[in-house]
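Coordinates in review
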Amino acid sequence: MLDKEGIAKRIAKEVKDGYYVNLGIGIPTLVANYIPENIDVVLQSENGLLGMGPFPFEGEEDPDTINAGKQTITKLPGSAVFDSAMSFGMIRAKKVNLTILGAMEVSENGDIANWKIPGKMVKGMGGAMDLVASAENIIVAMQHVNKAGESKLLPNCTLPLTGVNCVKKIVTELAVLDVLPDGGFKLLERAPGVSVEDIKKATAGKLIVDGEVPEMLV
Amino acid sequence: MNKVVSGAEEAISDIKNGMTLMLGGFGLCGLPEKTILALAASGITGLTCISNNAGVDDFGIGLLLRNRQVKKMISSYVGENAEFERQLLSGELEVELIPQGTLATRCMAAGYGMPAIFTPAGIGTEVAEGKEIRNFNGKDYLMEMAFDADFAIVKAWKGDSMGNLVYRSTARNFNPVMAMAGKVTIAEVEELVEPGELDPDHIHTPGIYVHRIFKGENYEKRIEQRTVRKQ
């Protein structure tokens, strides 16, 4: 089973040379720490920055320089700042190659819910609805089951949707899965020490297991 | 074309109960903190506020929420603002949550004189309820209307007396598009300079969009999430 860092490490393998990448809040933010140094990647932060760098050293925090999670960050050489309309313009125009975000639920046809639990919790959708509506390459980073032990990979989402038919890949503490165009979660890899049976138990939606499922290399 | 006013109090002197305000900033970054303090002290109520976030409990728009000066918030993210979430869930505060890009682009449309935009954000979700959907090239788009705000209140780094503005780093965020979108736009700046001191090639918001400008003193610029790495 993977911890959060492990999920981030595995997702980092999906980041390719030349990509502009948008990382959501939570586990996706950690992906930045594991992008191989020999590839050229630019991180987009939807509050208006391309070329996001690591956290600043203590004493060098700049209140005017933050990421979409409101964390103090740095700007790398070659970075560019722009306003919020342009930021979502480049997202809508599909200039961002990869979007990684968290979710509360994903359905077997790629619907995602991650902004609201009616009557209990409202965070707001932030930029997530814009991202999932336009991005063509969306990876969800999340836990396979919620705190109550219920599967988050469902036949249909039960919570208010953020977007429909948009998630392409899911990485959890148990597995890597593709969401197939015709529906269903195709099991690609198992986390170390996790059996196909464990993954079946934790997946409420249609799970497709085709032959031997390799253990992931992290 | 001298747009300089004495300060936040004068800048907001004709804002009335029940008006619609746009407020720049993302989280606490690039927030028009001086004008918000003046609003909090003004007793103006029944406001509709268009702003990506609602500050935190004791800073930014959170101050106006605490004073019950806000009737309705139009935002994209509530985040960890406890008082906002409490007023929302209890129904005391009317809240319209909309996608962040939709929020920014509805500001942009107002500033560009366009009545509406089409965006795929929110298709298939509750955001689309009751809205016109148009199909272009096989994909569905929601029609979203340009905002109609009485005042836009923004924060810039530098400005000149003619209202030309320059922003700094990610404190730019919603400020330029909101500056363009208000019927009356108030800009507060850290540095107020004479015409000619800003390079025309480096101006982000041309002064035509700005009606009042003043220099704020002693910016607090609070940090919401202080994150650092080890040396």
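Read on for an overview of the structure. No experiment lies behind these values; they were computed from the predicted model shown.

It is worth spelling out the overall build of chain B at this point. Per the secondary structure count, chain B includes six helices and eleven strands. In terms of overall dimensions, chain B has C-alpha extents of about 50 × 50 × 40 Å along its principal axes. Sequence-distant contacts, at least 24 apart, represent 71% of the contacts inside chain B between residues at least 6 apart. Between the mean site of the 24 positive side-chain charges and the mean site of the 30 negative ones, chain B shows a separation of 3 Å.

With that out of the way, let us pick up the environment of B:Ala11. Residues and elements named next belong to chain B. Residue placement: Ala11 occurs in helix α1 (residues 8-11). What makes Ala11 buried here is its relative accessible area of 0%. Note: C-alpha distance between Ala11 and Ala116 (105 residues apart in sequence) is 29 Å. With residues up to four places along the chain from it excluded, the contact list for Ala11 reads Val5, Phe151, Ile186, Arg212 and Phe214.

A few words now on the sheet that holds strand β6 (residues 133-136) of chain B. Residues and elements named next belong to chain B. Strand order in the open sheet made by the three strands is β5-β7-β6, with antiparallel pairing throughout. At either margin of the open sheet sits one strand with a lone partner, and together these are β5 (116-119) and β6. On average, each strand axis in the sheet is tilted by 35 degrees relative to the strand beside it, whichever way the strands run. Two strands pair when backbone bridges link them, and β6 and strand β7 (residues 139-145) are joined in this way by four bridges, in the antiparallel orientation. By the bridge assignment, Phe136 is partnered in β7 with Lys139. In this fold helix α5 (residues 100-111) packs onto β5 and β7, with an angle of close to 150 degrees to the strand it touches most, β5.

What follows covers the pattern of salt bridges. What the rule picks out here adds up to 25 salt bridges over all chains. In the salt-bridge network here, residues are joined through shared partners; they are A:Asp62, A:Asp64, B:Lys155, B:Arg168, B:Glu190 and B:Lys221.

Looking now at the packing of aromatic side chains. Residues and elements named next belong to chain B. Under the definition given, this model contains two aromatic pairs over all chains. Seen from their ring centres, Phe118 and Phe136 are 5.1 Å apart, and the 75 degrees between their planes marks the pair as edge-to-face. Highlighted residues: Phe118 in strand β5 and Phe136 in strand β6, separated in sequence by 18 residues. We classify Phe136 as partly exposed; its relative accessible area is 30%. Here Lys158 stacks its cationic end above the ring of Trp157, 4.4 Å away from the centre of that ring.

Here helix α4 (residues 82-90) of chain B has its buried residues at B:Glu83, B:Phe84, B:Glu85, B:Gln87 and B:Leu88. Buried residues along α4(B) sit in contact with β9 (121-122) of chain A together with α3 (61-66), β3 (70-75) and β4 (94-97) of chain B. Just beyond α4(B), the residue with positive phi is B:Gly91, at close to 85 degrees.

Structurally, B:Thr170 can be placed in the loop between β9 (165-166) and α6 (175-179). A polar contact of 2.9 Å, which involves the side chain of B:Thr170, links it to the backbone nitrogen of A:Ile66. Leave out the neighbours within four places in its chain, and B:Thr170 touches A:Asn47, A:Gly48, A:Leu49, A:Asp64, A:Thr65, A:Ile66, A:Val81 and B:Cys29.

This brings us to the nonpolar core. Core analysis: the biggest nonpolar cluster contains 48 residues, and A:Val31, A:Ile100, A:Val140 and A:Ile170 have the highest contact counts within it. Beyond its immediate chain neighbours, meaning those up to four positions away, A:Val31 contacts A:Ala8, A:Ile11, A:Ala12, A:Val15, A:Leu23 and A:Ile100. Core analysis: the next-biggest nonpolar cluster, separate from the first, contains 41 residues, B:Leu31, B:Ile36, B:Ile61 and B:Ala128 among them.

Turning our eyes to something else, we now look at the environment of B:Leu142. Within the secondary structure layout, B:Leu142 lies in strand β7. Discounting chain neighbours no more than four positions away, the residues touching B:Leu142 are B:Ile117, B:Phe118, B:Thr119, B:Ala121, B:Gly122, B:Ile123, B:Val127, B:Ala128, B:Lys131, B:Glu132 and B:Ile133.

Take the sheet that holds strand β11 (residues 153-154) of chain A next. Residues and elements named next belong to chain A. Strand order across the open sheet formed by three strands is β7-β6-β11, with mixed pairing between neighbours. Edge positions in the sheet fall to β7 (112-113) and β11, since each of these pairs with one other strand and no more. Bridging between strand β6 (residues 105-107) and β7 involves two bridges; their strand directions are antiparallel. When the sheet's bridge partners are listed, Glu105 is paired in β7 with Ala113.

Before going further, it helps to examine the side chain of A:Lys116. By the secondary structure assignment, A:Lys116 is in strand β8 (residues 116-117). Residue class for A:Lys116 comes out buried when judged on its relative accessible area of 19%. Polar contacts involving the side chain of A:Lys116 include one to the side chain of B:Glu126, which spans 2.7 Å. With sequence-adjacent residues up to four places away left out, A:Lys116 is seen in contact with A:Met104, A:Met121, A:Val122, A:Leu159, A:Pro160 and B:Glu126.

What follows concerns the interface of chain A and chain B. Opposite the 51 residues of chain A that make contact, chain B presents 51 residues. Carbon and sulfur atoms supply 58% of the area that chain A and chain B bury against each other, a total of about 4,300 Å² over both sides. When the buried surface of chain A facing chain B is broken down by residue, A:Phe57, A:Asp64 and A:Lys70 rank first, second and third, together holding 18% of it. One can count five salt bridges joining chain A with chain B. In this structure, the salt-bridge partner of B:Glu126 is A:Lys116, at a minimum N-O distance of 2.7 Å. For the pair chain A and chain B, the interface holds 30 residue pairs in polar contact (both at pLDDT 80 or more). Listing elements by their share of the side of chain A that touches chain B, those giving two or more residues are β4 (74-81), α3 (84-92), β9 and α4 (128-134) of chain A. Split by residue class, the side of chain A that touches chain B holds 21 nonpolar, 16 polar and 14 charged.

Calculation rules
Residues numbered from 1 in each chain as written. Chains lettered and ligands numbered in written order. Predicted model: local features only at pLDDT ≥ 70, side-chain atom pairs only at ≥ 80, totals over all residues. Heavy atoms only, no water. Helix = DSSP H or I, 4+ residues; strand = E, 2+ residues; numbered from the N terminus. Contact = heavy atoms within 4.5 Å. Lys, Arg positive; Asp, Glu negative; His and termini not counted. Charge placed at Lys NZ, Arg CZ, Asp CG, Glu CD. Buried < 20%, exposed > 50% of the residue type's maximum accessible area, 1.4 Å probe, protein only. Pairing = 2+ DSSP bridges. Axes fitted to C-alpha atoms, helices over the stretch in contact; angles between N-to-C directions. Salt bridge = Lys/Arg side-chain N within 4 Å of Asp/Glu carboxyl O. Phe/Tyr/Trp six-rings, centres within 6.5 Å; stacked < 30°, edge-to-face > 60°. Lys NZ or Arg CZ within 6 Å of the ring centre and 35° of its normal. Polar contact = N/O pair within 3.5 Å; in protein donor to acceptor, adjacent residues only side chain to side chain. Core = buried A, V, L, I, M, F, W, Y, C linked by side-chain atoms within 4.5 Å. Buried area = accessible area lost by both parts, 1.4 Å probe. Nonpolar A, V, L, I, M, F, W, Y, C, P; charged D, E, K, R; others polar.

Function-wise, these values are silent; they only describe arrangement.
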